Amino acid sequence: MIDEISDDQDGLGARKTGDIFIDCLKDPEYRDSSRKSENYASSDNCSTFNFRSFRKRFYEKLRPRSAERFIKHIEDYINAFVLEAHLREKGDILDFASYPALRRNNCANHISFDFVAFGLDLDLPDELFEDPGF
């Protein structure tokens, strides 16, 4: 869902959306107080409500270490889609050597494993995610 929102935003709007998502994950009572704009998720709009709702359901069963790791993976993902938005805004295209690093985070690869581990009630070891081949 967040990727669909950021696809239509410039770099600043994508950053604001990502920051709101992180704030909702870290604080179950978070309310965005920014003014409505085409480039921003606004106060208690559908996005903010959905982010908080997701957090409530997901964190009920998430283990503490997995929650910390999930936040880091989300931050990596947000940084990647914000960079993509900035590149799109400027009309820049990454070279072949630079693209895989951005794509690895932008496709939410590690987040997918967080969800699988959550669904199977596993606490995957940090070493798995620290392996450069992973």
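Model, not experiment: these values are computed from the prediction.

Undergrad: Would you mind going over helix 2 (residues 11–26) in detail, with residue names and values included?
TA: Along its 16 residues, helix 2 runs 22 Å from first to last C-alpha, staying within 8% of the 22 Å computed at 1.5 Å per residue. Two to three positions downstream of the cap, the backbone nitrogen of Leu 12 sits 3.3 Å from a side-chain oxygen, assigning the N-cap of helix 2 to Asp 10.

Undergrad: Requested: an account of the packing of aromatic side chains, with residues and values cited.
TA: Scanning the entire structure with this criterion turns up eleven aromatic pairs. Here Phe 54 and Phe 115 contribute two aromatic rings whose centre-to-centre distance is 6.1 Å and whose plane-to-plane angle is 75 degrees, an arrangement assigned as edge-to-face. Of this pair, Phe 54 sits in helix 3 (residues 46–59) while Phe 115 sits in helix 6 (residues 109–119), and the two are 61 residues apart along the sequence. According to the relative accessible area criterion, Phe 115 is partly exposed, its value standing at 36%. Grouping aromatic residues by their ring pairs yields a cluster made of Phe 21, Phe 51, Phe 54, Phe 58, Tyr 59, Phe 70, Phe 115 and Phe 118. One cation-aromatic arrangement involves Arg 55 over Tyr 59; the distance from NZ or CZ to the ring centre is 4.4 Å.

Undergrad: Go over helix 6 with me, naming the residues and quoting the values.
TA: Among the residues of helix 6, His 110, Ile 111, Asp 114 and Ala 117 are the ones counted as buried. Relative to the axis of helix 6, the buried residues are bounded by an arc of 115 degrees and lie together on one face. Among the structural elements, helix 4 (64–90) and helix 7 (126–130) are those in contact with the buried residues of helix 6. Immediately beyond the C-terminal end of helix 6, within one or two residues, lies Asp 121, with a positive phi of roughly 55 degrees.

Undergrad: Which residues make up unusual backbone geometry, and what values do they have?
TA: Positive phi outside glycine occurs at Ala 108, with the angle close to 60 degrees. With respect to the helices and strands, Ala 108 occurs in the loop between helix 5 (99–106) and helix 6. Here Ala 108 falls in the buried class, since its relative accessible area comes to 15%. One non-glycine residue, Asp 121, lies in the positive phi region at around 55 degrees. Along the chain, Asp 121 falls in the loop between helix 6 and helix 7.

Undergrad: For a nonpolar patch on the surface, give the residues involved together with the corresponding values.
TA: Taken together, the side chains of Val 116, Leu 120 and Leu 122 present a nonpolar region at the surface, about 280 Å² in accessible area. Among the structural elements, Leu 122 can be located in the loop between helix 6 and helix 7.

Undergrad: Give a description of the confidence of the model for the chain that names residues and reports values.
TA: Overall, the predicted model of the chain reaches an average pLDDT of 82, with 87% of residues at or above 70. No element of the chain has a lower mean pLDDT than helix 3, at 78, and none a higher one than helix 4, at 91. Note on residues 39–43: pLDDT under 50 across the span, and 18 contacts to partners over four residues away in sequence or across chains.

So, how was this worked out
- Residues numbered from 1 in each chain as written.
- Predicted model: local features only at pLDDT ≥ 70, side-chain atom pairs only at ≥ 80, totals over all residues.
- Heavy atoms only, no water.
- Helix = DSSP H or I, 4+ residues; strand = E, 2+ residues; numbered from the N terminus.
- Expected span 1.5 Å × (residues − 1).
- Polar contact = N/O pair within 3.5 Å; in protein donor to acceptor, adjacent residues only side chain to side chain.
- Phe/Tyr/Trp six-rings, centres within 6.5 Å; stacked < 30°, edge-to-face > 60°.
- Buried < 20%, exposed > 50% of the residue type's maximum accessible area, 1.4 Å probe, protein only.
- Lys NZ or Arg CZ within 6 Å of the ring centre and 35° of its normal.
- Arc of directions from axis to C-beta.
- Contact = heavy atoms within 4.5 Å.
- Patch = residues over 30% accessible without salt bridge, like charges linked within 9 Å, V, L, I, M, F, W, Y side chains within 5 Å.
- Areas by Shrake-Rupley, 256 points an atom, 1.4 Å probe, with all protein chains shown as cover.
- Salt bridge = Lys/Arg side-chain N within 4 Å of Asp/Glu carboxyl O.
- pLDDT = per-residue confidence, 0-100.

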